[in-house]
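Commentary on secondary and tertiary structure
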Amino acid sequence: RYSTRPVISPDGKQIAYLHWDEEPNTPPRTVIIPFTGGAPIKSFAFDPQSPVRWSQDGKGLIYIDTRAGISNLWRQPLDGGAPRPLTDFKTDRIYNYAWSRDGKQLACVRGTDENDVVLIGSFQ
């Protein structure tokens, strides 16, 4: 099975990674397995483009949720509770992010996507 983007929990006991199932047309999921290997313990349907990080306490996963072109960071508790927002940005997308070692500061790469489409014709 194809897997990518592994991140090790703060206590070193678990790995979260993006996993593709063997069934065709099944979207990838973020799964958590024991560091020693074995079957998935938890599975979440985060946006596959979102880099996932462990929360400082190791009891949740942080991910990017983009709605109507605006991104915010959310925390998904591992105990099955509802996800909750960590940021409340009103504009722009988050492309990547990182927490300081003490978990008190956040660095975000944010911006907007702009595209121009030009039609060129009548080549002779």
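A brief structural summary. (Residues numbered from 1 in each chain as written. Predicted model: local features only at pLDDT ≥ 70, side-chain atom pairs only at ≥ 80, totals over all residues. Heavy atoms only, no water.)

1. What to know about the overall build of the chain
Rules: Labels follow the DSSP assignment, with helices taken as runs of H or I lasting at least four residues and strands as runs of E lasting at least two, numbered in each case from the N terminus. Computation of the radius of gyration draws on C-alpha atoms, with the globule rule given as 2.2 Å multiplied by the number of residues to the power 0.38. The classification of residues rests on relative accessible area computed with a 1.4 Å probe and restricted to protein chains. Under 20% of the type maximum is buried, over 50% is exposed, and intermediate values are partly exposed. We call two residues contacting when some pair of their heavy atoms lies within 4.5 Å. Throughout, the Shrake-Rupley method with a 1.4 Å probe supplies accessible areas, and for residues the shown protein chains are the sole cover considered. Counting rule applied: Lys, Arg positive; Asp, Glu negative; His and chain ends not counted. Where a charge lies is defined by one atom per residue type, namely NZ (Lys), CZ (Arg), CG (Asp) and CD (Glu).
When you go through the chain residue by residue, the secondary structure sums to zero helices and 10 strands. Helices (α) and strands (β) of the chain occur, in sequence order from the N terminus, as β-β-β-β-β-β-β-β-β-β. Its C-alpha atoms give the chain a radius of gyration of 18 Å, more than 25% over the compact-globule value 14 Å for 124 residues. Counting only C-alpha atoms, the chain reaches 65 × 40 × 25 Å along its principal axes. Within the chain, buried positions represent 31% of all 124 residues. Considering only contacts within the chain whose residues lie at least 6 apart along the sequence, 22% involve residues at least 24 apart. Accessible area for the chain stands at about 8,700 Å²; split by element, carbon and sulfur atoms hold 51% of it. Counting 15 positive and 14 negative side-chain charges, the chain places the centres of these two groups 8 Å from one another.

2. Focus on the sheet that holds strand S7 (residues 70-77)
Note the following rule: The rule for pairing is simple: two strands pair if DSSP sees at least two bridges between them.
Taken in spatial order, the four strands of this open sheet run S5-S6-S7-S8, and their pairing is antiparallel. Where the open sheet ends on each side, the last strands, each with one partner, are strand S5 (53-54) and strand S8 (84-85). Bridge count for strand S6 (residues 60-67) against S7 is eight bridges, and the pairing is antiparallel. Note that in S7 the partner of aspartate 65 across the bridge is asparagine 72.

3. A look at the layout of surface pockets
Applied cut-off: A 1.4 Å probe that fits into a set of points on a 1 Å grid over the protein atoms alone but cannot get out defines a cavity; an open set with protein on both sides within 12 Å along at least five of seven lines defines a pocket, and lining residues are those with an atom within 4 Å of a point. Grid points are joined across faces, edges and corners, and a volume is the space filled by probe spheres set on the points. Just so you know the grouping, Ala, Val, Leu, Ile, Met, Phe, Trp, Tyr, Cys and Pro go in nonpolar, Asp, Glu, Lys and Arg go in charged, and all remaining residues, Gly too, go in polar.
What the largest pocket holds in volume is close to 290 Å³. As for the largest pocket, its lining consists of 14 residues, and the residues nearest its centre are Trp54, Ser55, Gln56, Ile62 and Trp99. Mapped by element, the contributors of at least two residues to the lining of the largest pocket are strand S1 (3-8) and S5. A per-class count over the lining of the largest pocket returns seven nonpolar, four polar and three charged.

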